[in-house]
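# Working through the structure, step by step
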Amino acid sequence: MKVWDLHCDTLSELRYAEQAGRPKSFVQNDLMIDLTRMKQADYLLQCMACFVYLNPEREKDPLLACMEQIDIFDRLLEQYPDDLMPVRSAADIAALKTSGKIGMMLTVEEGGVCLDSPGVLRDLYRMGVRMMTLTWNFKNGLAEPNAVPGDASTVWPCAANTTGGLTPRGFEFVEEMERLHMILDVAHLSDAGIRDVLRVAKRPFAASHSNARACCPHVRNLTDEMLRAMGEKGCLIGLNYCASFLDNNPDRSHLKARITDMARHARHIMDLAGEDSLALGSDFDGIGGDLEIAGAEDMPRMAEGLVREGIPPHVVEKIFHGNAERFFAENL
């Protein structure tokens, strides 16, 4: 079954490896995604996020960190032209389906890399970025997140950020991203911010790697209210494979990410937002722990597992690639 994944952090891992003087091959490596396993699992497209940890102790120059990951993305396309194809438009999606190649879509996880500049946003679009989160887990000039690294109160039990939403510049970015047809990604955004986006967005948007809060009360997950509203707007939600967002066990000392929980979240999301709303958002190379689906090679097993859990095969097909293919063809 074809795979279209809305989010992975592989570019940042490849960058960290280069910085450490131990570069990794994209053909075969010890990460969660490489070219060999993507071919084996029949990938149609992988959204490759430029993830930037917006903290001066980790990244002195967030835009530079983003640019270095874009450079890695471009080098991969140059190194493997017979295997990989950049996807930036609906026409590219149509061409991809007959190319025999794996599509690569460039995205950004952390709107703060734009340094509050619409000009930088437009430059990123010119470089091929087609989806961007307004935040990661730090407040920036555009908006506030729900979860903050190291703050236990935002993990369990979960206290959502219901007051800090989009800034005036954040609203400007929403408007400009819609003008550009760059997909707005609300993953990591605060509850207040998501409600702001729902209020002002004129185009469908995405939550590239977020689950259902009713199934696991973590603030990174979406409330029932959000799911219903996103379904009404024709938005896309990528199912995240992270145990913290799947497992609702109150004992957070050892969490498990199981296909049974993925199916539970999937059914809930589709019940509220519709079966056209759900896609895959693995978060590969950004998650760890006890994972039943631990890399690209496990995707066929995930498809079989979802069917075994009672999700009809034609619906699994939509989750795995059909919904994302349609959404991006309509909105890029």
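Let me sum up the structure you'll find in this document.

Conventions used here
Here the residue numbers are simple positions, counted from 1 along each chain's written sequence. For a predicted model such as this one, the threshold for reporting local features is a pLDDT of at least 70, and the threshold for listing and counting side-chain atom pairs is 80 or more; totals across whole chains, interfaces and linings nevertheless cover every residue. Side-chain metrics rest on all non-hydrogen atoms present in the structure, leaving aside hydrogens and water. Two aromatic rings, drawn from Phe, Tyr or Trp (for Trp, its six-membered ring), form a pair once their centres lie within 6.5 Å of each other, and the interplanar angle then sorts them: stacked below 30 degrees, edge-to-face above 60, tilted otherwise. Here a strand is any run of E in DSSP of at least two residues, a helix any run of H or I of at least four, and the numbering for each starts at the N terminus. Note on exposure labels: buried denotes an accessible area under 20% of the residue type's maximum, exposed denotes more than 50%, and partly exposed covers the range between, all computed with a 1.4 Å probe on protein chains only. For a lysine, the NZ atom is tested; for an arginine, the CZ atom; a charge sits over a ring if that atom is within 6 Å of the ring centre and within 35 degrees of the ring normal. Take a side-chain nitrogen of Lys or Arg and a carboxyl oxygen of Asp or Glu: if they are within 4 Å of each other, that pair is a salt bridge.

Moving on: the packing of aromatic side chains. Using the criterion set out here, one finds eight aromatic pairs in the structure. Taken together, a centroid distance of 5.1 Å and an interplanar angle of 50 degrees make the contact between Tyr-53 and Trp-136 tilted. Residue Tyr-53 is located in the loop between strand S2 (43-51) and helix H3 (62-79), and its partner Trp-136 is located in the loop between strand S5 (129-133) and helix H6 (168-180); the two are separated by 83 residues in the primary sequence. Judged by relative accessible area, which is 15%, Tyr-53 ranks as buried. Here the guanidinium or amino end of Arg-58 rests over the ring plane of Tyr-53, the centre of that ring lying 3.9 Å away.

All right, on to the pattern of salt bridges then. Evaluation of the coordinates by the stated rule reveals 25 salt bridges. Among the salt bridges present, the one from Lys-2 reaches Asp-42, with a minimum N-O distance of 2.9 Å. Here Lys-2 is found in the segment before strand S1 (3-8), whereas its partner Asp-42 is found in the loop between helix H2 (35-40) and S2, with 40 residues between them in sequence. Under the relative-accessibility criterion, Lys-2 is labelled partly exposed at 34%. The closest approach of N and O atoms between Lys-39 and Asp-83, which form a salt bridge, is 2.8 Å. In this pair, Lys-39 sits in helix H2 while Asp-83 sits in the loop between H3 and strand S3 (84-86), placing the two residues 44 residues apart along the sequence. Connected through salt bridges with shared partners, the residues Arg-15, Glu-59 and Glu-68 form a single ionic network.

In short, geometric facts, not functional conclusions.
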